[in-house]
Amino acid sequence: MKIKISNQLSDSEKAAILILWNNEYPAQISYSGIEDFEAFLGNHENFRHFLLKDDDENIKGWLATFRRGGERWFSIIVDSRDQKKGYGTMLLNKVKESENELNGWVVDGVGNLKLDGGEYFSPIEFYKKNGFEILYGERLESENLSAVKIKWKSV
């Protein structure tokens, strides 16, 4: 696997990431189409995309950093068939080479389902292992989803 870094995504990369997003994240935050995903991308500033690609150039993971509310945020997805192989940590470590701080939201509850009906498992332990602080006092709550803020700072 290799990591490609880019400030812009091609249409085919957006389509592949949308499939990953809808396959791996809870159904409550899925996108109905590419236009909705592009709106998410358009709502944030200073994107940097880190694409995890296999030898055939298939996208197996995506990490994006962006500016929101004066802070540096990120989103990450790794294909479930390639999880627990170190690729998520590899993506985070690559980003940490050029960032001093990362913020994110992590679903920390149970009972969330993916679009295919499979259970969504919270990755909170993954983030703890990768040096993130869990900010239990800062939560994102909606009718269907609960998430906690996480933060990583370089030392």
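For the structure, check the block above.
Please read these numbers as outputs of a predicted model, since none were measured by experiment. The numbers attached to residues start from 1 for each chain and follow its sequence in the written order. The predicted origin of the model limits local features to residues at a pLDDT of at least 70 and limits the giving and counting of side-chain atom pairs to 80 or more, whereas totals for whole chains, interfaces and linings rest on all residues. Hydrogens and water are ignored here; the side-chain numbers use all heavy atoms of the structure.

A. Region of interest: the nonpolar core. Only buried residues count toward a nonpolar core, which is a set of Ala, Val, Leu, Ile, Met, Phe, Trp, Tyr and Cys residues joined through side-chain atoms within 4.5 Å. Whether a residue is buried, partly exposed or exposed follows from its accessible area with a 1.4 Å probe, protein chains only, as a fraction of its type maximum: under 20%, in between, or over 50%, in that order. The biggest cluster of nonpolar side chains holds 21 residues, and the ones touching the most others in it are Ile17, Trp21, Phe37, Phe40, Leu41 and Trp62. Put simply, DSSP H or I for four residues or longer makes a helix, DSSP E for two residues or longer makes a strand, and each gets a number counted from the N terminus. Listed by contribution, the elements that provide at least two residues to this core are helix H1 (11-24), helix H2 (34-42), strand S2 (45-53), strand S3 (59-68) and strand S4 (71-78). A contact between two residues is defined here by any heavy atoms of the two lying within 4.5 Å. If we ignore the near neighbours within four places in the chain, the residues touching Phe40 are Trp21, Tyr31, Phe47, Trp62, Phe66 and Ser75.

B. Representation of the layout of surface pockets in the model. Of the volumes computed, that of the largest pocket is approximately 1,200 Å³. Counting residues per element, the ones that place at least two in the lining of the largest pocket are H1, S3, S4, helix H3 (87-96), strand S5 (101-107), helix H4 (124-129), strand S6 (133-141) and strand S7 (146-153). The classification used treats Ala, Val, Leu, Ile, Met, Phe, Trp, Tyr, Cys and Pro as nonpolar, Asp, Glu, Lys and Arg as charged, and all other residues, Gly among them, as polar. A per-class count over the lining of the largest pocket returns 25 nonpolar, 12 polar and 10 charged. Each cavity reported here is a set of points on a 1 Å grid over the protein atoms alone in which a 1.4 Å probe fits but cannot get out, each pocket an open set with protein on both sides within 12 Å along at least five of seven lines, and each lining residue one with an atom within 4 Å of a point. Grid points are joined across faces, edges and corners, and a volume is the space filled by probe spheres set on the points. Roughly 150 Å³ of internal volume is contained in the second largest pocket. Lining the second largest pocket, in full, are Asn7, Gln8, Leu9, Lys14, Leu41, Phe47 and His49. Of the residues contributing to the lining of the second largest pocket, the split by class is 3 nonpolar, 3 polar and 1 charged.

C. Spatial organisation of H3. If you check which residues of H3 are buried, you get Gly88, Leu91, Leu92, Val95 and Lys96. Buried residues along H3 cover an arc of 135° about the axis, so they all sit on one side. Comment: arc refers to directions from the helix axis out to C-beta atoms.

D. View of the pattern of salt bridges. For this analysis, a salt bridge means a side-chain nitrogen from Lys or Arg found within 4 Å of a carboxyl oxygen belonging to Asp or Glu. Going through the model one piece at a time under the given rule, you end up with 20 salt bridges. A salt bridge links Lys2 to Glu57, with the shortest nitrogen-to-oxygen separation between them at 2.6 Å. In this pair, Lys2 is assigned in strand S1 (residues 2-6) and Glu57 in the loop between S2 and S3, connecting sequence segments 55 residues apart. Residue Lys2 is classed as partly exposed on the basis of its relative accessible area, which comes to 38%. Looking at Glu57, the relative accessible area reads 42%, which means it is partly exposed.

E. Representation of unusual backbone geometry within the structure. A positive phi angle is found at Asn46, which is not glycine, with a value near 55°. Inspection of the secondary structure assignment puts Asn46 in strand S2. A relative accessible area of 54% means that Asn46 is categorised as exposed.

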